[in-house]
Amino acid sequence: MRVVDLDRDMADVIPTGTTRDSEHLFARMTELTLGRATPPAGGSVLDVASGFGQDSLALAARGARVVGAEPSARMTGWARLQGGKVAENAPRWVRAFGDALPFRDGVFDAVLCKGAIDHFDRPDLAIAEMARVAKPEGRVVLAIANFESLACRAARAADDLREGVLGRDVPRGRRHYDVPADHFTRYDLGLMREQAGRWLALEHVEGISLAWGLPAWTRAVERLPASAAGWALRALDALARRLPAYADVVVLTGRPRRSATTSR
């Protein structure tokens, strides 16, 4: 039996406070994902797991014809409220699961799924669906949290040392390298490539941010002058882009394989 919460609003997931490294991570993830997904003027975009609709609205503001697909009734309702404030070119909102998209084959110039696919119970089928509804020359863009990032590995090693060797207690509760309870998949770069590569001919695999979630790094960035903090975050981000296996988030961009609409 498939059990889902169709009234979910993500209030327990989206952080209410911000730090400089968090602001940088989320801003860069949005910038790169939307940059890769933005079609030519007047092109069509499908935002899968569109949530509150902020990315759909941003793409519509760039001139795209946008459809936001989201199963949560609460988040879809909020997105409609926000979309109602737009005078022109408002997105269209559809309640749908990512693994059962109610669209014909090959109708969108771009399809994106930002920070959500690890919440899906059938992510491989969802990627297949995204490839199916994208035009043959279109793009599918996925942004996925990496649980084998440098930060996750370093924090895990430090806790193992503290607990296993030094005999000290580690903080209770979920650590940032632990997969949250609402995630079905623990992604690393290898699994991302494997799943996406079944349905997409990958053109870009890019990392975003290094060291996010490490308390010492977060504190250090907060203490630096704003200009120095920005320089440090950008420098590590440039390194992450070249070393996606160690990055905090990975953005994969690809075109549908020719068999994407016939292999299911």
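You'll find the structure just up there.
Worth saying up front: this structure is predicted, and the values here are computed from it rather than measured.

A. A look at the nonpolar core. In terms of nonpolar packing, the biggest core is built from 33 residues, with Leu46, Val111, Ile117, Met130 and Leu142 touching the most fellow members. Counting residues per element, this core draws most heavily on helix α4 (residues 123–133), at 6 residues. Ignoring anything within four residues of it in the chain, the contact list for leucine 46 reads Val67, Ala69, Leu101, Phe103, Phe108, Ala110, Val111, Leu112 and Val133. Leu32, Ala64, Ala110 and Leu112 belong to the second-largest nonpolar core, a separate cluster that totals 17 residues.

B. Spatial organisation of the sheet that holds strand β4 (residues 108–114). In space, the 7 strands of this open sheet follow the order β3-β2-β1-β4-β5-β7-β6, with mixed pairing throughout. Lying at the two open borders of the sheet, with one neighbouring strand each, are β3 (92–94) and β6 (200–208). Across the sheet, the mean angle from the axis of one strand to that of its neighbour is 15°, orientation sign disregarded. Packed on one face of the sheet, helix α2 (residues 54–61) meets β1 (44–48), β2 (65–69), β3 and β4 and runs near 175° to β2.

C. Spotlight on α4. Most of α4 sits inside the fold, with 9 of its 11 residues counted as buried. Those residues of α4 that sit buried are Pro123, Ala126, Ile127, Ala128, Glu129, Met130, Ala131, Arg132 and Val133. Contacts made by the buried residues of α4 are with β1, β4, β5 (134–145), α6 (189–199), β6 and β7 (249–256).

D. How the structure looks around the packing of α4 against α6. Following both chains from N to C, one finds α4 and α6 inclined at 40°, their axes separated by 8 Å at the closest point. Helix-helix and strand crossings are classified by hand; for α4 and α6 the assignment is right-handed. Contact with α4, carried on its side by Pro123, Asp124, Ile127, Ala128 and Ala131, involves Gln195, Ala196, Arg198 and Trp199 of α6 and no other residues of that element. The residue makeup of the contact of α4 with α6, split by class, is 6 nonpolar, 1 polar and 2 charged.

Rules of the game
- Residues take numbers from 1 onward in each chain, read along the sequence in its written order.
- In keeping with the model being predicted, local features are shown solely for residues with a pLDDT of at least 70 and side-chain atom pairs are shown and tallied solely at 80 or more, while totals for entire chains, interfaces and linings include all residues.
- Side-chain figures throughout are based on the complete set of non-hydrogen atoms in the structure, without hydrogens or water.
- Buried residues of nine kinds, namely Ala, Val, Leu, Ile, Met, Phe, Trp, Tyr and Cys, make up a nonpolar core once their side-chain atoms join them within 4.5 Å.
- Here's how the labels work: a residue is buried when its accessible area is under 20% of the maximum for its type, exposed when over 50%, partly exposed in between, all with a 1.4 Å probe on protein chains only.
- Helical segments are the DSSP runs of H or I of at least four residues, strand segments are the runs of E of at least two, and each set is numbered from the N terminus.
- Residue contacts follow a heavy-atom distance rule, with two residues in contact if any of their heavy atoms lie within 4.5 Å.
- Two strands are counted as paired when DSSP detects at least two bridges linking them.
- Only C-alpha atoms enter the line fits that serve as axes; for helices the fit covers just the stretch in contact. Angles between N-to-C directions range over 0 to 180 degrees.
- Here is the rule for handedness: rotate from the far helix to the near one, and if that takes an anticlockwise turn smaller than a right angle the crossing is left-handed, while a clockwise turn gives right-handed.
- Throughout, the ten residues Ala, Val, Leu, Ile, Met, Phe, Trp, Tyr, Cys and Pro are labelled nonpolar, Asp, Glu, Lys and Arg are labelled charged, and all others, Gly among them, are labelled polar.

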